[in-house]
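Each chain, letter by letter, is given below.
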Amino acid sequence: MYNPVLSEIAGIVTLIMMIISYLFRKKSSYLLCQTIGLCCMFFSYLFGNEYFAMVALTVSLTRTLVFFIYEKQDKKAPLLLSFLFAGLTLCAYILVNHIILNTSKPIDVLYLLAQIMYAFIFRIRSIKLVRYSIIVPHGFAILYNMLLHGMLFVALSYSFELLADIYSIFRDERSRTDIKNAR
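Residues numbered from 1 in each chain as written. Predicted model: local features only at pLDDT ≥ 70, side-chain atom pairs only at ≥ 80, totals over all residues. Heavy atoms only, no water.

### Topic: the environment of Met54
Its location among the elements puts Met54 in helix H3 (residues 51-72). On a C-alpha basis, the gap between Met54 and Cys39 in space is 9.7 Å, while along the polypeptide they are 15 residues apart. Ignoring anything within four residues of it in the chain, the contact list for Met54 reads Phe42, Tyr45 and Leu46. (Helix = DSSP H or I, 4+ residues; strand = E, 2+ residues; numbered from the N terminus. Contact = heavy atoms within 4.5 Å.)

In structure tokens form, the structure reads like this:
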């Protein structure tokens, strides 16, 4: 199913959705855009023949949707769900890369760690804390895609997400400082 053109087109849409998600200050809106972006990233990995990343994104998409539902109900997701999604990610890696395809590479650990970290970070209710925490797994995902010589727009998407995280942190801090100075 290798098709680099379709892979890059899906990556471009991923990039656009991830950037749009950072325009929102409400976590549920942020998660909705992230979900759409993850769907597009799934197809980017599918058409790029990166099957573990594709399967891990399926787990990620499910995780994001579950946490979105909790967020819309104004509830905190149980910690057990984070462990469940982290375990599913690890099982998916073992099943796909070791048992089915026998294609595991040491570099896969970067993406595996990123996905496991996301499982715990997206449980956090505070969008500010999510933005601080997500910097490390984004860095792992960027490094994975760059070392893999993977899909350009997926790597760019993670890079722009990282920059958007940093920008959002500074924007929020500046807003807080402006409010304090106005008092």
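### Comments concerning the packing of aromatic side chains
All told, the structure shown has eleven aromatic pairs when counted by the stated rule. Look at Phe52 and Tyr93: their rings are 4.8 Å apart centre to centre, the planes differ by 80 degrees, and that puts the pair in the edge-to-face class. Here Phe52 is found in helix H3, whereas its partner Tyr93 is found in helix H4 (residues 79-100), with 41 residues between them in sequence. Linked through ring pairs, Tyr45, Phe52, Tyr93, Tyr111 and Tyr144 together constitute an aromatic cluster. Note that Arg131 overlies the ring of Tyr30, its terminal NZ or CZ placed 5.9 Å from the centroid. (Phe/Tyr/Trp six-rings, centres within 6.5 Å; stacked < 30°, edge-to-face > 60°. Lys NZ or Arg CZ within 6 Å of the ring centre and 35° of its normal.)

### Details of helix H7 (residues 135-147)
Residues separated by three or four positions in an α-helix point in the same direction, a consequence of the helix having 3.6 residues per turn. Taking 1.5 Å of rise per residue, the 13 residues of H7 would be expected to cover 18 Å, and the 18 Å separating its terminal C-alpha atoms lies within 8% of that figure. Looking only at H7, the buried set comprises Pro137, His138, Ala141, Ile142, Tyr144 and Asn145. Along the axis of H7, the buried residues cluster in a sector spanning 160 degrees; they form a single face. (Expected span 1.5 Å × (residues − 1). Buried < 20%, exposed > 50% of the residue type's maximum accessible area, 1.4 Å probe, protein only. Arc of directions from axis to C-beta.)

### With respect to the pattern of salt bridges
With the rule as written, the count across this model stands at seven salt bridges. When the shortest N-O distance is used, the salt bridge between Arg125 and Glu71 registers 3.2 Å. With Arg125 in the loop between helix H5 (108-121) and helix H6 (127-133) and Glu71 in helix H3, the pair connects residues that are 54 residues apart, well separated along the chain. On the accessibility criterion, Arg125 (29% relative accessible area) is partly exposed. Classification of Glu71 by relative accessible area gives buried; the value is 14%. The partner of Asp108 in a salt bridge is Lys105, with the nearest N and O atoms 4.0 Å apart. With a relative accessible area of 1%, Asp108 lands in the buried category. Each member of the salt-bridge network shares a partner with another, and the members are Lys27, Glu71, Asp74 and Arg125. (Salt bridge = Lys/Arg side-chain N within 4 Å of Asp/Glu carboxyl O.)

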